[in-house]
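Listed here are the chains, written in short residue letters.
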Amino acid sequence: EAGVAQSPRYKIIEKRQSVAFWCNPISGHATLYWYQQILGQGPKLLIQFQNNGVVDDSQLPKDRFSAERLKGVDSTLKIQPAKLEDSAVYLCASSLEESGRARDEQYFGPGTRLTVT
Amino acid sequence: QQQVKQSPQSLIVQKGGISIINCAYENTAFDYFPWYQQFPGKGPALLIAIRPDVSEKKEGRFTISFNKSAKQFSLHIMDSQPGDSATYFCAAISSFGNEKLTFGTGTRLTIIP
């Protein structure tokens, strides 16, 4: 079974530029998550989708971050404009259950490491 | 606000020894406690999880001990192997409100021969 795919794996941009990350979850997984993992910290949930609807985006900085999940499959996360403090690894995860409960096992992708200079 | 505190930040253990990572939480609404293992360049992967109605759960060389009254839980890795070298995160979930994984800050474990 193929895992969660993310691209690009690495990205370096200057502050105030925009960037987009792509995630392809495991086939058939209803729930998709985006996490931000700052160096030396645990992942922090940014947004959760159930199929193509948003379940939780309470920790998403909506003035600069946006995300969408088209047709309930792939998802993109965008940052515009980027700030220095956005330097982090952005992880995508998916889970099978349509319940969207966080305790349903989440399968994480390898992440995109973003460096903002 | 750090709701799950994890220690130590880093840990070096000799091969064959016992690795112990500790976590403490404040939110009494937490009712599910998973541990994740993360290798460099990879995303976290679920290792083992426990509910607060049991005091211990064992899977192979990995054991979670849970102390509900102290609001603490720990991961023990018996007979630690070099392949166990990774970063370990404890986490917690509450059934109340919108469930989300709250992660600890992580422990970088290195097993030396």
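This text goes with the structure placed above it.
Note that the coordinates shown come from a computational prediction; the quantities given were computed from them, not determined experimentally. (Residues numbered from 1 in each chain as written. Chains lettered and ligands numbered in written order. Predicted model: local features only at pLDDT ≥ 70, side-chain atom pairs only at ≥ 80, totals over all residues. Heavy atoms only, no water.)

1. Some words on the interface of chain A and chain B
Contact with chain A, which involves 22 residues of that partner, is made by 21 residues of chain B. For the pairing of chain A and chain B, the buried interface totals around 1,600 Å² over both sides, and the portion due to carbon and sulfur atoms is 49%. One can count 1 salt bridge joining chain A with chain B. Taking the shortest distance from any N to any O, the salt bridge between Lys100(B) and Asp56(A) comes out at 3.2 Å. At the surface where chain A touches chain B, the tally comes to 5 residue pairs in polar contact (both at pLDDT 80 or more). The set of elements that each furnish at least two residues to the side of chain A that touches chain B consists of β4 (31-37), β5 (44-50) and β6 (53-56) of chain A. When its residues are assigned to classes, the side of chain A that touches chain B shows 8 nonpolar, 9 polar and 5 charged. (Contact = heavy atoms within 4.5 Å. Buried area = accessible area lost by both parts, 1.4 Å probe. Salt bridge = Lys/Arg side-chain N within 4 Å of Asp/Glu carboxyl O. Polar contact = N/O pair within 3.5 Å; in protein donor to acceptor, adjacent residues only side chain to side chain. Helix = DSSP H or I, 4+ residues; strand = E, 2+ residues; numbered from the N terminus. Nonpolar A, V, L, I, M, F, W, Y, C, P; charged D, E, K, R; others polar.)

2. Points about the nonpolar core
All names here are of chain B. One finds Phe 33, Trp 35, Phe 73, Leu 75, Tyr 88 and Leu 109 to be the most contacted residues of the largest nonpolar core, which totals 24 residues. Counting residues per element, this core draws most heavily on strand β9 (residues 86-94), which supplies 4 residues. Those residues in contact with Leu 109 that lie beyond four places of it in its chain are Leu 11, Val 13, Ser 19, Ile 77, Asp 84, Ser 85, Ala 86 and Tyr 88. (Core = buried A, V, L, I, M, F, W, Y, C linked by side-chain atoms within 4.5 Å. Buried < 20%, exposed > 50% of the residue type's maximum accessible area, 1.4 Å probe, protein only.)

3. Description of unusual backbone geometry
Of all residues except glycine, most have a negative phi; of all peptide bonds, most are trans. All names here are of chain A. That bond from Ser 7 to Pro 8 is cis: its omega, -10°, falls within 30 degrees of zero. Among the structural elements, Pro 8 can be located in the loop between β1 (5-7) and β2 (10-13). The residue after Gln 80, namely Pro 81, is reached through a cis peptide bond having omega -5°. Turning to its location among the elements, Pro 81 is positioned in the loop between β8 (75-79) and β9 (88-95). The phi angle at Asn 51 is positive, at roughly 55°, despite the residue not being glycine. Among the structural elements, Asn 51 can be located in the loop between β5 and β6. Unusually for a residue other than glycine, Lys 71 sits at a positive phi of about 55°. With respect to the element layout, Lys 71 can be found in the loop between β7 (65-69) and β8.

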